[in-house]
Amino acid sequence: MLTANGKNYIANKFGMGGCFVASGLSWSYLGTDGVTYNETGSTSQIVSRLVMTALVQSVTIGGITYTYSDLKTANDNTDLTLDDALWVAGNDGSPTGESQYCVSANTSTIHVYISQGTGTVNVYKNNVFIGSLTGTGPTSTPKDFTFNLNDSFKFEAVPAYGNTFTKWCKTPTSCPAPITTNPYTGTIALTDSSISAVFTSTGVTPTPTPTPGPTPTPGPTPAPGNIGTFDFTAPPSGSPTVILDISAITMKQNATDQHFEINNVIITNTSPWAISLAVEIRLHPGTPGVCPSSGEVFAGMDRVSTTKAVRIKTLNPGEVGTYNLDFYQPPSILGTHTVCLYIHGSYDRDELEAEIAPITG
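Please read these numbers as outputs of a predicted model, since none were measured by experiment.

A. Fine view of the confidence of the model for the protein. Summarising the model, the protein shows a mean pLDDT of 84, and 84% of its residues fall at 70 or more. Strand β17 (residues 298-301) holds the highest mean pLDDT among the elements of the protein, 96, whereas strand β10 (residues 163-169) holds the lowest, 64. Scored below 50 in pLDDT, residues 204-208 makes 2 contacts in the model with residues more than four places away or belonging to other chains.

Right, dumping it as structure tokens:
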């Protein structure tokens, strides 16, 4: 269970600006197999690595190495589980609108105004769209946006027809240092406890055109229609991240054909984009206690029980999926075996299919 001290420790050591984050971190971890793995992703993924002590010895981030023991000590000597990593994922500010846990109340409120003309200002936090203000100055009603310390912000003026935004100021009453860059970007500092973003636009006077002479009457044409706005995002980058919860699984052999079943496997997509997933099993003879890096007597994919095709799942950002898995091991495998699960994932389904194609089991 996470304590207040544990949350603050995680936000300081495995976050950005004292806050949980859903992306933008880079670290390495030392597996129990003695191999070091490099990863990028979220605060929750680092926590999930540390609590998986059967597979992970330590995590190194920012040149400092941390162990589960360090995390437990900071958490008032209270044990943590994958449920705690899932709580961190649910409080890292992604997707938009989700709460974001931060160590302190180092927040800034930015008051956005339209002081002259008519137009729209789109507001972004850490390159994620968080809202907009549309108004007509000077009677524009301000709209407030809250940022945390070290958050990046971007104001993007989107003028209505016939208006061009000309400047940005930090106070609603004057513009001592107007900034003409559009969009305007910056980073919240400790001094920015409450600032105002004032946008001024000037009307564009159209150039008069001569009165045209008689022309043939054209046929009817469709009238233009504004169907709304759409926020285009950047293509996926980095590696997908998930949380694997096996606390409620059941394992058995199917009564009809004796294939191996693992039910109630819970997978949470902690990535900012949708991902395609496939699950591999490796069986090791005996009870080694951890998953060896080699020596398995069977490696096979989760397959659809009727066609034996590899079962590929799609998870949206933040989505939690519960799955029943089917593996078709040869009848020669008898006795006690250690079961190891491996999650294959990619933002691109074709790329995932190419990755798992060599696994024929």
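B. View of the packing of aromatic side chains. The full count for this structure, using the stated rule, is 11 aromatic pairs. With 6.1 Å between their ring centres and 90° between their planes, Y9 and F14 make a pair best called edge-to-face. Where Y124 meets F129, the ring centres are 5.7 Å apart and the plane angle is 70°; that geometry is what we call edge-to-face. Assessed through its relative accessible area of 29%, F129 is described here as partly exposed. Three or more aromatic residues joined by ring pairs form one cluster here, namely Y9, F14 and Y66.

C. Representation of the layout of surface pockets. The calculated volume of the largest pocket comes to roughly 1,500 Å³. Looking at the largest pocket, it is lined by 45 residues, and the ones nearest its centre are R49, M52, L55, L341 and Y342. Mapped onto the lining of the largest pocket, the elements with two or more residues apiece are β1 (25-31), β2 (36-41), α2 (43-51), β13 (242-245), β16 (275-285) and β20 (337-346). Considering only residue class, the lining of the largest pocket consists of 25 nonpolar, 14 polar and 6 charged.

D. Structural view of α2. By the criterion of burial, α2 is predominantly enclosed, with 9 of the 9 residues buried. All buried positions along α2 are accounted for by T43, S44, Q45, I46, V47, S48, R49, L50 and V51.

E. Highlighting the pattern of salt bridges. If you walk through the whole model with that rule in mind, you get 8 salt bridges. Residues R49 and E39 are paired through a salt bridge, measuring 2.5 Å at the closest nitrogen-oxygen approach. Of the two residues, R49 is situated in helix α2 and E39 in strand β2; the sequence distance between them amounts to 10 residues. Here R49 and E39 have matching classes, each one buried. With a shortest N-O distance of 3.0 Å, R282 and E280 are connected by a salt bridge. A relative accessible area of 22% places R282 in the partly exposed class. Counted as one network, the salt bridges with shared partners bring together D302, R311, K313 and D326.

F. Geometry of a negative patch on the surface. Residues D348, D350, E351 and E355 make up a contiguous surface patch of negative charge. Within the secondary structure, E355 is located in helix α5 (residues 349-356). The class for E355 is partly exposed, based on a relative accessible area of 39%.

G. Region of interest: unusual backbone geometry. A cis amide bond links S94 with the next residue in sequence, P95, at an omega value of 5°. Among the structural elements, P95 can be located in the loop between α4 (82-89) and β5 (107-116). The phi dihedral of N77 falls on the positive side, at around 60°, and the residue is not glycine. In this structure, N77 sits in the loop between α3 (68-74) and α4. What makes N77 exposed here is its relative accessible area of 55%. With a phi angle near 65°, K308 is a residue other than glycine that sits in the positive phi range. With respect to the helices, strands and loops of the structure, K308 is situated in the loop between β17 and β18 (313-315). Among the residues examined, K308 registers a relative accessible area of 37% and is labelled partly exposed.

What counts and what doesn't
Residues numbered from 1 in each chain as written. Predicted model: local features only at pLDDT ≥ 70, side-chain atom pairs only at ≥ 80, totals over all residues. Heavy atoms only, no water. pLDDT = per-residue confidence, 0-100. Helix = DSSP H or I, 4+ residues; strand = E, 2+ residues; numbered from the N terminus. Contact = heavy atoms within 4.5 Å. Phe/Tyr/Trp six-rings, centres within 6.5 Å; stacked < 30°, edge-to-face > 60°. Buried < 20%, exposed > 50% of the residue type's maximum accessible area, 1.4 Å probe, protein only. 1 Å grid on protein atoms, 1.4 Å probe; cavity = no way out; pocket = protein on both sides within 12 Å on 5 of 7 lines; lining within 4 Å. Points joined across faces, edges and corners; volume = space filled by probe spheres on them. Nonpolar A, V, L, I, M, F, W, Y, C, P; charged D, E, K, R; others polar. Salt bridge = Lys/Arg side-chain N within 4 Å of Asp/Glu carboxyl O. Patch = residues over 30% accessible without salt bridge, like charges linked within 9 Å, V, L, I, M, F, W, Y side chains within 5 Å. Areas by Shrake-Rupley, 256 points an atom, 1.4 Å probe, with all protein chains shown as cover. Lys, Arg positive; Asp, Glu negative; His and termini not counted. Charge placed at Lys NZ, Arg CZ, Asp CG, Glu CD.

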